[in-house]
Amino acid sequence: MKLLQIKMYKRINYIAAILVLVCGLSAQAQVTTSSPYSRYGIGNIKGSLLPQLRGMGGISTAVNKVTGFNYINMQNPASYSGVTLTTIDIGMSAGLTNLSRNNLSETSFNSTFSHLAFAVPVNRRSALSFGILPYSDLGYSYRNTVKIDTMTVDQLYEGEGGLSKAYVGYGYRIGDHLRIGANAEYIFGNLQTTRATEYTEIGSINAKLQNKNSVGGLNYSYGVQYDFNVGKRTIVTLGYSGSNSSKLNSSQTFFATQYTRDVNGNESTALDTLNSVDRGKSNLTLPLSHNFGISIQQNDRWLIGADFRMSKWSATSINNVNSGLQDSWGASLGGQWTPDYTSYNSYLKRVDYRLGVNYDKTYIQINNQDIKQMGASLGFGFPLPTANGGTAFYKINFTTEVGQRGTLDNNLVKEKFINFHLGFTLNDTWFRKYRVD
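Everything quoted here is computed from the prediction, not taken from an experiment. (Residues numbered from 1 in each chain as written. Predicted model: local features only at pLDDT ≥ 70, side-chain atom pairs only at ≥ 80, totals over all residues. Heavy atoms only, no water.)

**Q** Hey, could you run me through the overall build of the protein chain in this one?
**A** Across its full length, the protein chain holds two helices and 21 strands. Put simply, of all contacts in the protein chain between residues at least 6 apart along the chain, 66% involve residues at least 24 apart. Here the protein chain displays about 21,600 Å² of accessible surface, and carbon together with sulfur accounts for 57% of that area. (Helix = DSSP H or I, 4+ residues; strand = E, 2+ residues; numbered from the N terminus. Contact = heavy atoms within 4.5 Å. Areas by Shrake-Rupley, 256 points an atom, 1.4 Å probe, with all protein chains shown as cover.)

**Q** Would you take a moment to explain the nonpolar core for this structure?
**A** Across soluble globular proteins, you tend to see nonpolar side chains buried next to one another. Ranked by internal contacts, the top residues of the largest apolar core, which has 23 residues, are Tyr37, Ile42, Leu163, Leu284 and Leu286. Elements with a minimum of two residues in this core: strand E6 (126-148), strand E7 (151-174), strand E8 (178-199) and strand E18 (352-366). Residues in contact with Ile42, not counting those within four places in the same chain, are Tyr135, Ser136, Leu163, Leu191, Leu284, Leu286, Trp313, Ile318 and Tyr363. Met74, Val83, Ala127 and Leu133 belong to the second-largest nonpolar core, a separate cluster that totals ten residues. (Core = buried A, V, L, I, M, F, W, Y, C linked by side-chain atoms within 4.5 Å. Buried < 20%, exposed > 50% of the residue type's maximum accessible area, 1.4 Å probe, protein only.)

**Q** Whenever I open this one, the pattern of salt bridges confuses me. Can you help?
**A** Side chains bearing opposite charge may pair, as long as their charged atoms lie close to each other. Enumeration according to the criterion identifies nine salt bridges in this entry. As a salt-bridge pair, Asp327 and Lys312 come within 3.9 Å of each other at their nearest N and O atoms. Placement of the pair is Asp327 in the loop between strand E16 (321-322) and strand E17 (328-337) and Lys312 in the loop between strand E14 (302-311) and strand E15 (317-318), with a sequence separation of 15 residues. Overall, the relative accessible area of 42% leaves Lys312 in the partly exposed class. For Asp352, the salt bridge goes to Lys395, with nearest N and O atoms at 2.6 Å. Separated by 43 residues along the polypeptide, Asp352 in strand E18 and Lys395 in strand E20 (residues 392-406) bring together distant segments of the chain. Owing to a relative accessible area of 1%, Asp352 belongs among the buried residues under this scheme. According to the relative accessible area criterion, Lys395 is buried, its value standing at 6%. What you see here is one network of salt bridges that share partners, running through Asp352, Arg354 and Lys395. (Salt bridge = Lys/Arg side-chain N within 4 Å of Asp/Glu carboxyl O.)

**Q** I'm lost on unusual backbone geometry in this one. Help?
**A** Generally, phi is negative for residues other than glycine and the peptide bonds are trans, each holding for most cases. Unlike most non-glycine residues, Asn368 shows phi in positive territory, near 60°. Mapped onto the fold, Asn368 is located in the loop between E18 and strand E19 (369-387). Its relative accessible area of 74% is what places Asn368 among the exposed residues. If you check the backbone angles, Asn410 has positive phi at about 55° while not being a glycine. With respect to the helices and strands, the residue Asn410 is situated in the loop between E20 and strand E21 (414-428). Classification of Asn410 by relative accessible area gives partly exposed; the value is 43%.

**Q** What should I look at first to understand the pairing of E21 in this one?
**A** As a general feature of sheets, a regular strand has side chains that alternate between the two faces. Looking at chain direction, strand E4 (residues 86-101) and E21 are connected through 15 bridges and run antiparallel. Bridge assignment links Thr97 to a residue of E21, and that residue is Phe417. As defined by bridge partners, E20 adjoins E21 across 14 bridges and the pair is classed as antiparallel. Of the residues in E21, the one forming a bridge with Phe398 is Leu422. (Pairing = 2+ DSSP bridges.)

**Q** What exactly am I supposed to notice about the environment of Gly334 here?
**A** Among the structural elements, Gly334 can be located in strand E17. Taking the C-alpha atoms as reference points, Gly334 and Met56, 278 residues apart in sequence, are found 4.4 Å from one another. If we skip the residues at most four places from it in the chain, Gly334 touches Met56, Ile59, Leu303, Ile304, Gly305, Leu355 and Gly356.

**Q** Explain the packing of aromatic side chains to me, please; I cannot follow it from the model alone.
**A** For any pair of aromatic rings, the description rests on two quantities: the centre-to-centre distance and the angle between the ring planes. The full count for this structure, using the stated rule, is 13 aromatic pairs. Taken together, a centroid distance of 5.2 Å and an interplanar angle of 20° make the contact between Tyr142 and Tyr157 stacked. Taken together, the positions of Tyr142 in strand E6 and Tyr157 in strand E7 put the pair 15 residues apart, joining distant regions of the chain. Take Tyr157: its relative accessible area is 15%, and that puts it in the buried class. Measuring from ring centre to ring centre gives 6.0 Å for Tyr394 and Phe424, while their planes differ by 25°; the resulting arrangement is stacked. Placement of the pair is Tyr394 in strand E20 and Phe424 in strand E21, with a sequence separation of 30 residues. (Phe/Tyr/Trp six-rings, centres within 6.5 Å; stacked < 30°, edge-to-face > 60°.)

**Q** How should I be thinking about a nonpolar patch on the surface in this particular structure?
**A** A surface patch of nonpolar side chains, about 750 Å² in accessible area, is lined by Tyr226, Phe228, Val230, Leu238, Ile294, Ile296, Ile304, Leu333 and Val357. When contributions to the nonpolar patch are tallied by element, the ones reaching two or more residues are strand E9 (206-229) and strand E13 (289-298). One can find Leu238 in strand E10 (residues 234-243). (Patch = residues over 30% accessible without salt bridge, like charges linked within 9 Å, V, L, I, M, F, W, Y side chains within 5 Å.)

**Q** Which parts of the structure should I look at to understand the pairing of E7?
**A** With 22 bridges joining them, E6 and E7 adopt antiparallel strand pairing. Pairing of Lys147 across the sheet is with Thr152, part of E7. Sheet topology places E7 next to E8; 22 bridges connect them, and they run antiparallel. Within E8, the residue paired with Leu163 across the bridge is Gly189. Where E7 folds back onto E8 in an antiparallel hairpin, the turn is made up of three residues, including Gly175, whose phi is positive at roughly 70°.

**Q** Can you help me understand the environment of Phe292 in this one?
**A** With respect to the helices and strands, Phe292 occurs in strand E13. C-alpha separation for the pair Phe292 and Ala62, spaced 230 residues apart in sequence, amounts to 7.9 Å.

**Q** Hey, could you run me through the side chain of Thr362 in this one?
**A** Counting through the fold element by element, Thr362 comes out in strand E18. The class of Thr362 is buried, set by a relative accessible area of 14%. Polar side-chain contacts of Thr362 include one of 2.6 Å to the backbone oxygen of Ile371. The residues contacting Thr362, other than those within four sequence positions of it, are Gln326, Asp327, Ser328, Ile371 and Gln373. (Polar contact = N/O pair within 3.5 Å; in protein donor to acceptor, adjacent residues only side chain to side chain.)

Encoded structure:
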């Protein structure tokens, strides 16, 4: 009994350490992006993908478990039913972004806490999962300089904030081949945008529009997976996941003000407030989304899969106004290979090697030009020594994504990025019942 208490104290300390780390990451990291395309809609959509799935190009709909190690795949909650050990996943992301337009170029760096997720088996057929992760990022700052008659005018655009998602989900296996699941998700956060018109002459009266949306509301997602054997060790899995079109509550704060700048460029306090709305009630509509996937895997060795996704963003409204977005679609192809996860002589044979590509037509269209995104990813899963007599398994997952969004055509901006995703995964038998004589 004393031994069990010691183990439980260690696990409580472990959870406390994770929570301290999360708080530290949240407080220190930059939670914004640096993308002019995040100006549209609700920002850059992050996707519910952990590093091990991003390393395979983002395939997830038909992914359950590879090489016996438990994943938390919240993109398709049907996969929870395959969780056989208590699983914790925590991580962070960082990225370099280069923006180019005509002969101008700018590079920025951002980092942020990326996810904290738990999964606990309820019985041999089902499991419960819960956690928190980003939903969208909003972050940009740029200006356009134009001539109005003989006067030079600067048009400034700024935005910051984003939405996060806290979820709880349940997955259940029916028979030997069918799995179903669902998530209840709370989407929350702040979206703040500013537009300003400034004249270059000192003492000129400038105008600024500031808009802030505080968002909070429930959304639901669901999924199903079905697998069948095509050989002694080879399995094909078909998957579907989706999310409904939900209305989130929004509290809007809006100010239209006038101000000046001094000779040093410092902005004065507002000279006049032309219009204001303080905490006006509104809403934000999320799109109906569908994801389809297929994978083929040889148990304990390799997996190859493909996903196709589509979302009806054209029906999205922000503050009861159609946001002018278009329907989006995308595809991913990727896989994982583990030479021999039981090898005692070679560590490199126990490493997971992941590779993938993806392509998306985003919900943005500017000057009749579709904004597209494409990328490639390379990932690794580094196993760590087991603990608790071989009942606890640890793995560090690292993924690098390289890609681009946008185009230089029609005087638009091309965005090139390199993203890094780091995650730590634990599989353990935390809630196993022990018999004490």
